[in-house]
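Here are the chains, one letter per residue:
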Amino acid sequence: MDSIRIKAPAKLNLTLNIEGKRSDGYHYMQMVMQAVNLYDQIKISVNSDNKVNVYAEGDEIPAGNDNTAYRAAKKFFETVDTDVCGCDIVIEKNIPSQAGLGGASSDAAGVLVGLNELCGTALTTEQLCEIGVQIGADVPFCIIGSTAFTEGIGEIITPLTPLCECFFVVVKPDFGMSTKDAFCLYDELEASDTVIARPDNDSMVAAIVAGDLENIGASVGNVFEEVVFPEKTAEIKNMLIENGALGAAMTGSGTAVFGIFESKSDAKSAARELENMGDVFVLRPINCGAEEY
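Throughout this description, residue numbers start from 1 for each chain and increase along the sequence as written. Whole-chain, interface and lining totals are the exception, using all residues; otherwise, since this is a predicted model, local features are given only for residues with pLDDT of at least 70 and side-chain atom pairs are given and counted only at 80 or more. Where side-chain values are given, they derive from all heavy atoms of the structure, hydrogens and water being excluded.

Student: Looking at this structure, how should I read the pairing of strand 9 (residues 247–250)?
Tutor: For a regular strand, the rule is simple: side chains alternate between the two faces of the sheet. Buried means the residue's accessible area, taken with a 1.4 Å probe over protein chains only, is under 20% of the maximum for its type, while exposed means over 50%, and partly exposed covers the values in between. Put simply, DSSP marks the helices as runs of H or I at least four residues long and the strands as runs of E at least two long, and each gets a number from the N terminus on. Alternating residues of strand 9 divide into Gly 247 and Ala 249 and Ala 248 and Met 250, and every residue in both groups is buried. As paired strands, strand 9 and strand 10 (residues 257–261) are joined by 4 bridges and run antiparallel to one another. Bridge pairing links Met 250 to Val 257 in strand 10. Following DSSP output, two strands are said to pair if at least two bridges run between them. Where strand 9 hands over to strand 10, the hairpin turn is made up of 6 residues, of which Gly 252 adopts a positive phi near 55°.

Student: Just to check I follow, could you spell out helix 1 (residues 68–79) for this structure?
Tutor: Residues spaced three or four apart along an α-helix face the same direction, because each turn holds 3.6 residues. When the terminal C-alpha atoms of helix 1 are compared, their 16 Å separation across 12 residues agrees well with the 16 Å that a helix rising 1.5 Å per residue should span. Among the residues making up helix 1, those that are buried are Thr 68, Ala 69, Ala 72, Ala 73, Phe 76 and Phe 77. For helix 1, the arc enclosing every buried residue in end-on projection is 165°, short of the 170-degree limit, so these residues lie on one face. Note on contacts: a residue pair is in contact if any heavy atoms of the two residues lie within 4.5 Å. If you follow the buried residues of helix 1, they end up packed against strand 3 (52–57), strand 4 (87–92), helix 2 (103–118) and helix 3 (125–132). Helices are assigned an expected span. That span is 1.5 Å times one less than the residue count. Of all possible arcs, the one meant is that of the directions from the helix axis to the C-beta atoms.

Student: Explanation requested: the nonpolar core in the structure shown.
Tutor: Within soluble globular proteins, side chains that are nonpolar generally end up buried alongside one another. One finds Phe 76, Phe 77, Ile 89 and Leu 115 to be the most contacted residues of the largest nonpolar core, which totals 33 residues. Looking at this core, the elements that each hand over two or more residues are strand 1 (3–21), strand 2 (27–46), helix 1, strand 4, helix 2, helix 3 and helix 4 (139–144). Looking at this core, the element that brings in the most residues is helix 2, giving 7 residues. If near-sequence neighbours (up to four positions away) are discounted, Leu 115 is found in contact with Ile 44, Ala 73, Phe 76, Phe 77, Cys 87, Gly 120 and Thr 121. Within the second largest apolar cluster, 28 residues are counted, among which are Ile 95, Ala 99, Val 170 and Ala 207. Buried Ala, Val, Leu, Ile, Met, Phe, Trp, Tyr and Cys residues that are joined via side-chain atoms within 4.5 Å together make up what is termed a nonpolar core.

Student: What exactly am I supposed to notice about the sheet that holds strand 11 (residues 279–283) here?
Tutor: Note on sheets: strands pair through backbone hydrogen bonds, and any given pair is parallel or antiparallel. With antiparallel pairing, 4 strands are arranged side by side in an open sheet as 9-10-7-11. The two strands at the open ends of the sheet, each matched to only one other strand, are strand 9 and strand 11. Averaged over neighbouring strand pairs, the angle between their axes works out to 20° when direction is ignored. Contacts between helix 8 (residues 230–242) and the sheet are confined to strand 7 (167–172), strand 9 and strand 10, with strand 10 contributing the most and set at about 15° to the helix. On the sheet, helix 9 (residues 264–273) packs against strand 7, strand 10 and strand 11 and is oriented at approximately 15° with respect to strand 7. For helices, the axis comes from a line fit to the C-alpha atoms of the stretch in contact; other axes are also lines fit to C-alpha atoms, and the angle between any two N-to-C directions lies between 0 and 180 degrees.

Student: Is there a simple way to think about the pattern of salt bridges in this case?
Tutor: Pairing of side chains with opposite charge becomes possible as their charged atoms draw close. Salt bridge, as used here, is a side-chain nitrogen of Lys or Arg placed within 4 Å of a carboxyl oxygen of Asp or Glu. Taken as a whole and assessed by the stated rule, the structure comprises 10 salt bridges. Between Lys 21 and Asp 187 there is a salt bridge whose closest N-O contact spans 3.1 Å. One end of the pair, Lys 21, is in strand 1; the other, Asp 187, is in helix 5 (residues 179–191), and 166 residues separate them in sequence. Of the charged contacts in the structure, one is a salt bridge between Lys 232 and Glu 235, with a shortest N-O distance of 3.5 Å. Of this pair, Lys 232 and Glu 235 both sit in helix 8, separated by 3 residues, roughly a single helical turn. Owing to a relative accessible area of 30%, Lys 232 belongs among the partly exposed residues under this scheme. The network of salt bridges with common partners includes Asp 40, Lys 93 and Asp 107.

Shown next, in the form of C-alpha cells:
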C-alpha cells in the first residue's frame, strides 16, 4: 500500500475547566469532549526522498515545524522502526481554524493513525496517544474520539457512554483567537482573583450516562467564555437559546460557539436564524476518532 486516506473529525468541548498550571506552562484541564461529523480529509502517500511534505487544500496552514501534521509525521518516524522515512501529506481543510474545534489536533491524529496503517507498524491506540500528546494536548482524544472525560493536559482519557442522539448548531464567527493568546488572557483573569464561573463536570458525566439530553444541555460550560470575546460569545449563546437550544457554550479556546438540540429540524431552523453570525454548521455526535475511509 503506497497511500491511505483518513478522515479526521472535529471535536466539541461540552465542558472545559482549567484546574491549574504546571511549571512547564501547560495547564491542568478537566473536559468532557465529543467528536462530531465535520472532517478534514487527509491523503498520505509514501515518497522516496525521505522528507515530510505537507500541502493544504482550503484554509491556509502553517508550514514546517509549526504544522501539527508535519510534526506528527516527523515524531512518528523518529519513534518507530519502519523502512518508510518520508511521506507526502495532502490535507483538505474543512474544520475552521482558531475555532476551538480541534482541526490542527485532529490533523495530527489522522497522520499518526494513517502512518501506523500505511507502514504496518501495528502500534496500539495507547502507543499512538503517547506520540500524539507530544504534538498537542488534544491529539490523544482526536485519535480515540467518541465521548470522553479528559484530565491532565488532555492525555488522561476516560471513555464515556456515547452521547444520546442530538444535534449541534456550531457558529464560527469571522474572527479567531490563538490557543496561546486565550490561555494568556485566562491566566491574567485568574491572577486578578476574579471569581470565574466553572462548569460542573460531574453533572455533565451523570447526564451523559443517564442519556438525559435536557441536563446535558444545562451542564455545558467553558471557562474561556469569560476572556475570549465575551460579549460576542454571549450574544451568539443567547441567540442559540432563543432559537431552541437546550444549552450553549464556547468550544475549546474559541471562537466557535455551539448549541445542543433534540431534533434536526429544530437545529436547521436555528442555523438559518444565525447564518449572519458567521459560518454555521449543523452537526451530530459520532462514536469514532480519526479513521481510514
